[in-house]
Amino acid sequence: MDEIRVIEIKKSIFEDNDRDADRLREDLRKKGVFLLNLMSSPGSGKTTTLIKTINALKGQLNIAVMEADIDSDVDAKKILEATGVQSIQLHTGGMCHLDAEMTRQGLDNLDLDDVDLAILENVGNLVCPAEFDTGSSKNCMILSVPEGHDKPLKYPLMFSICDLVLVNKIDVMPYFDFDLALCEKYIHMRNPKAQVIPICAKTGEGIDKFAAWLKDQVKKWKEN
Amino acid sequence: MHELGVVFHCIKEVNEIAAENNVARVNSVTIQLGEVSTVIPELFDDCWNWAVKKETVLKDAKVHIERVDAITFCEDCKQEYPTVKYGKTCPYCSSLNTYLVQGNEFLIKEIEVVDNPPAGDGK
């Protein structure tokens, strides 16, 4: 009869991903590449915000973009056409998020020589991407006005892991009873360190501030 | 929502542990799952049963899920309360100055294995 024994483990299921993510972060630091993980709900304006921001940073930073979606390549094409920067589409094969290994595979398909800033546009989803460290240097999310100012209360983990929260579509604020001050209060309840920048990707309002934040972060990353 | 993804991570981790310990078969895996870990036990179970079929050492491994209740601590009145019922706001003093003590666990607690027969005489 086979003898059965029990091995005690007590290990987090996310541990191997966290390890992969730390390794990737270290590799990117050596290469001098800053990786931004951009997250949000579907339709919050990630791609439009990126296009405006990349064009605002033309000639100042070399940028490459990875678009992660369950299917299609509309986003990668849109970025390439509107900005001319290196842009690839990653398919998650039905998966609701990217993990560190998938991010590394994506980066392997980019030419990272001379790239200062790589941007990962994560799958549109406020739940799952928050659980998986992608190996990014910083996490950023977009909350758009029509989604409501109560979202930090409903998706606490996402807000607690983000260094920067962009509040997008502020041009339509009067139509949605969106309370920006209350929203900031909720964000800081979850994450006192989070920075908040109100923007409107359509009109370009606030994009200069986001671009300045990125430039500053990339500079600090390279200095370390 | 991402049960299949975490099942794959879990299988990878258990496979590594099994290889390190030179086991022939994993009979079962015990998971500790917090009440507010965002993973739904029933779905995790379904994904597990589907995914292990493609495995070798783990092919017949059952998964046991132990639930961990979510408890929040209030820093103002120093009391604990059930998180799911009251959320971030302390039911005793209405403070928002609270934090989760337990309940977001997602751990592989232990695995039950059958060892490979000891290698013959020496090497």
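Going by the structure above, here's the rest.
Owing to the predicted nature of the structure, the values given are computational and were not obtained by experimental measurement.

Undergrad: Got a minute to help me understand the overall build of chain B in this structure?
TA: Each helix and strand counted, chain B has three helices and six strands in total. For 123 residues, the compact-globule estimate of 2.2 N^0.38 gives 14 Å, and chain B exceeds it by more than 25% at 19 Å. Counting only C-alpha atoms and orienting by the principal axes, one finds that chain B spans roughly 70 × 30 × 15 Å. Evaluated residue by residue, chain B yields a buried proportion of 41% over its 123 residues. Counting contacts in chain B only where the partners sit at least 6 residues apart, residues at least 24 apart contribute 71% of the total. When the accessible surface of chain B is summed, it comes to about 6600 Å², and 51% of that surface belongs to carbon and sulfur atoms. Across chain B, 12 positive and 20 negative side-chain charges occur, with their mean positions spaced 3 Å apart.

Undergrad: Just checking my understanding: could you explain unusual backbone geometry for this structure?
TA: Across the chain, the bulk of peptide bonds are trans and the bulk of non-glycine residues have phi less than zero. Despite not being glycine, Asp177 of chain A has its phi angle at roughly 50 degrees, a positive value. In this structure, Asp177 of chain A sits in the loop between helix H7 (173-176) and helix H8 (180-190).

Undergrad: What should I look at first to understand helix H2 (residues 41-51) of chain B in this one?
TA: An α-helix turns once every 3.6 residues. As a result, residues three or four positions apart point the same way. Residue and element names in this part refer to chain B. Within the span of H2, buried status applies to Pro41, Phe44, Cys47, Trp48 and Ala51. The buried residues of H2 occupy an angular sector of 125 degrees when the element is viewed end-on, so they sit on one face. Within H2, the exposed residues directed more than 90 degrees away from the buried face are Glu42 and Asp46.

Undergrad: Help me out: how do you make sense of a nonpolar patch on the surface in this one?
TA: Residues and elements named next belong to chain B. Taken together, the side chains of Val36, Val84 and Leu100 present a nonpolar region at the surface, about 210 Å² in accessible area. Considering the arrangement of structural elements, one finds Val84 in helix H3 (residues 83-86). For Val84, a relative accessible area of 54% puts it in the exposed group.

Undergrad: Honestly, the sheet that holds strand S4 (residues 80-82) of chain B in this entry has me stumped. Any pointers?
TA: Residues and elements named next belong to chain B. With antiparallel pairing, the three strands of this open sheet are ordered in space as S4-S3-S5. Lying at the two open borders of the sheet, with one neighbouring strand each, are S4 and strand S5 (98-102). Direction aside, neighbouring strands of the sheet carry axes that sit 35 degrees apart on average.

Undergrad: Got a minute to help me understand the side chain of Glu147 of chain A in this structure?
TA: All names here are of chain A. Counting through the fold element by element, Glu147 comes out in the loop between strand S6 (138-144) and helix H5 (151-154). At 6.3 Å, Lys169 is the nearest oppositely charged side chain to Glu147, a buried residue that forms no salt bridge. In this structure the side chain of Glu147 is engaged in a polar contact, spanning 2.6 Å, whose partner is the side chain of Ser144. Not counting the four nearest positions on each side in its chain, Glu147 is found in contact with Ser41, Ser44 and Leu126.

Procedures and definitions
Residues numbered from 1 in each chain as written. Chains lettered and ligands numbered in written order. Predicted model: local features only at pLDDT ≥ 70, side-chain atom pairs only at ≥ 80, totals over all residues. Heavy atoms only, no water. Helix = DSSP H or I, 4+ residues; strand = E, 2+ residues; numbered from the N terminus. Rg over C-alpha atoms; globule rule 2.2 N^0.38 Å. Buried < 20%, exposed > 50% of the residue type's maximum accessible area, 1.4 Å probe, protein only. Contact = heavy atoms within 4.5 Å. Areas by Shrake-Rupley, 256 points an atom, 1.4 Å probe, with all protein chains shown as cover. Lys, Arg positive; Asp, Glu negative; His and termini not counted. Charge placed at Lys NZ, Arg CZ, Asp CG, Glu CD. Arc of directions from axis to C-beta. Patch = residues over 30% accessible without salt bridge, like charges linked within 9 Å, V, L, I, M, F, W, Y side chains within 5 Å. Salt bridge = Lys/Arg side-chain N within 4 Å of Asp/Glu carboxyl O. Pairing = 2+ DSSP bridges. Axes fitted to C-alpha atoms, helices over the stretch in contact; angles between N-to-C directions. Polar contact = N/O pair within 3.5 Å; in protein donor to acceptor, adjacent residues only side chain to side chain.

It is worth stressing that arrangement in space is one thing and function is another; only the former is reported here.
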